[in-house]
Amino acid sequence: MDEPLEPQPRRFHDGGPVGGHPDPQAPPTIVLERTEDMPAQAFRLTRRIAYRDRRLGELVVPADPATFVTDLTSVPSVFGWLVPRTGEHLPAALIHDGLVGSTAGRPTHVSTEGHVIDTEAANRVFRDAMADTGTGVVRRWLMWTAVTLATMVTGAGTHWSAAERWRWRATAVGSLLLIAVLGVMSTADLLDVDLPLVGGVPWMDEGSWWARLATGAAGAVVIPIALGLLWGRFRIAGVIAGIALALLLHVTAAVALLTGVYQAIEWLCARALRAAMALAGVLTVIAAVVLVVAW
């Protein structure tokens, strides 16, 4: 793991106009524009932003504001409670979007020192830039892990061979899938639900509920660490991703379920408002009956 970085917000500065020069003495200004012909989550960055990286020097995003489009921080809706689309990390997210993007095969960033930046390097810049914005340690390492995981799965923007792509993809997907399965098995064991042909997990105590919960939580930490070490040079991301998945599996499932219910209600109301109102009435009556019976 790299040495902890002290926040240095002045590493961000004004990127200057297209064809002009960045101004290291001027603070960055983020100006976003969205027109009716653009997707709801897409924005143009009409003013360039620059960042002085510790290894790569000055990086300017976008190369051409007229063609550059960003979705701010790319976060699935089920994780919005943990990592918002905007916030103190936004300047770093915009820099990262420019470093990994391309338009007509041309980079959407400018390296004033002429560096060619692959996705792995861009992910590291993203993490360091978040530190310079003052983003919390846990949040920035989670976000770096997320983009690293995406790189391992897709291989986009890397110089990996086909064998390397499949190696990293199988490592990431296989270990996370195993952690998810073990998480489901541990939950079933905690709730005394017998799974056919499987049973429970061996590390959970058979005593009190609290003892089973404690040993299950211990397994949710130790097992992902062991599997994360198989990720080679991405082992830190493997450990973080594994522990996060194991500990947040139930919360994520609950949020995903509620999100799905909300989206289903929106869909029904948009297409059959009367049917939606009738269904709401029926559910209200059922709830009232249940309450009266329980009383």
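Okay, so let's go over this structure. Only a predicted model underlies this, so the values are computations on that prediction, with no experimental measurement involved.

Taken together, the side chains of Val-221, Val-222, Ile-225, Leu-229 and Leu-247 define a hydrophobic patch exposed on the protein surface, amounting to about 420 Å² of accessible area. Broken down by element, the nonpolar patch gets its largest block of residues, three residues, from helix α5 (residues 209-228). Residue classification places Leu-229 among the exposed positions, given a relative accessible area of 54%.

Structurally, Thr-73 can be placed in the loop between β6 (69-70) and α1 (90-100). Here the side chain of Thr-73 touches Arg-85 through a polar contact of 2.7 Å, landing on its backbone oxygen. Ignoring sequence-local partners within four residues, the contact set of Thr-73 consists of Val-83, Pro-84, Arg-85, His-89, Ala-93 and Met-143.

In the contact formed by helix α3 (residues 137-154) and helix α4 (residues 162-190), the axes pass within 7 Å of each other and the chain directions differ by 125 degrees. Between α3 and α4, the angle is such that the two are oblique. Seen from α3, the contacting residues are Leu-149, Met-152, Val-153 and Thr-154; seen from α4, they are Arg-165, Trp-168, Arg-169, Ala-172, Val-173 and Leu-176. Residue composition of the contact of α3 with α4, grouped by class: seven nonpolar, one polar and two charged.

Next up on the list: the packing of aromatic side chains. Counted under the stated rule, the structure contains five aromatic pairs. Consider the rings of Phe-12 and Tyr-51, whose centres lie 4.7 Å apart with planes at 40 degrees: the pair is tilted. A residue pair is termed long-range when its members are at least 10 positions apart, and Phe-12 in strand β1 (residues 12-14) and Tyr-51 in strand β4 (residues 49-53) qualify at 39 residues. Of the two residues, Phe-12 and Tyr-51, neither departs from the other in class, the shared state being buried. For the ring pair Trp-160 and Trp-168, a centre distance of 6.4 Å and an interplane angle of 50 degrees mean the geometry is tilted. For Trp-160, a relative accessible area of 9% corresponds to the buried category. The ring of Trp-144 has Arg-127 sitting right over it, with the charged end atom 4.9 Å from the ring centre.

With that settled, the discussion passes to the pairing of strand β5 (residues 57-61). The buried fraction of β5 amounts to five of the five residues, a majority that puts the element mostly inside the structure. The pairing of β4 with β5 spans five bridges and is classified as antiparallel. Opposite Asp-53, over in β5, you have Gly-57 as the bridge partner. Between β4 and β5, which pair antiparallel one after the other, the connecting turn spans three residues. Sheet topology note: the β5/strand β9 (residues 110-111) ladder contains two bridges and is antiparallel. If you follow Leu-59 over to β9, its bridge partner there is Ser-111.

Taken as a whole and assessed by the stated rule, the structure comprises seven salt bridges. Note that Arg-44 and Glu-33 form a salt bridge whose closest N and O atoms lie 3.8 Å from each other. Here Arg-44, found in strand β3 (residues 43-45), pairs with Glu-33, found in strand β2 (residues 32-33); they are 11 residues apart in sequence, far enough to count as distant. Between Glu-120 and Arg-233 there is a salt bridge whose closest N-O contact spans 2.9 Å. Here Arg-233 lies in the loop between α5 and α6 (235-271) and Glu-120 lies in helix α2 (residues 119-133), a separation of 113 residues in the sequence. With relative accessibility at 46%, the residue Arg-233 sits in the partly exposed group.

Our focus in this paragraph is the nonpolar core. Residues Ile-95, Leu-99, Val-125 and Phe-126 are the most contacted members of the largest nonpolar core, which totals 26 residues. Listing elements by their share of this core, those giving two or more residues are β3, β4, β5, α1, α2 and α3. In contact with Val-125, not counting residues within four places along its chain, are Tyr-51, Asp-53, Leu-56, Leu-59, Ile-95 and Leu-99. By size, the runner-up hydrophobic cluster in this structure holds 16 residues, among which are Trp-160, Leu-227, Phe-234 and Ala-241.

What counts as what
Residues numbered from 1 in each chain as written. Predicted model: local features only at pLDDT ≥ 70, side-chain atom pairs only at ≥ 80, totals over all residues. Heavy atoms only, no water. Patch = residues over 30% accessible without salt bridge, like charges linked within 9 Å, V, L, I, M, F, W, Y side chains within 5 Å. Areas by Shrake-Rupley, 256 points an atom, 1.4 Å probe, with all protein chains shown as cover. Salt bridge = Lys/Arg side-chain N within 4 Å of Asp/Glu carboxyl O. Helix = DSSP H or I, 4+ residues; strand = E, 2+ residues; numbered from the N terminus. Buried < 20%, exposed > 50% of the residue type's maximum accessible area, 1.4 Å probe, protein only. Polar contact = N/O pair within 3.5 Å; in protein donor to acceptor, adjacent residues only side chain to side chain. Contact = heavy atoms within 4.5 Å. Axes fitted to C-alpha atoms, helices over the stretch in contact; angles between N-to-C directions. Parallel < 35°, antiparallel > 145°, perpendicular 65-115°, else oblique. Nonpolar A, V, L, I, M, F, W, Y, C, P; charged D, E, K, R; others polar. Phe/Tyr/Trp six-rings, centres within 6.5 Å; stacked < 30°, edge-to-face > 60°. Lys NZ or Arg CZ within 6 Å of the ring centre and 35° of its normal. Pairing = 2+ DSSP bridges. Core = buried A, V, L, I, M, F, W, Y, C linked by side-chain atoms within 4.5 Å.

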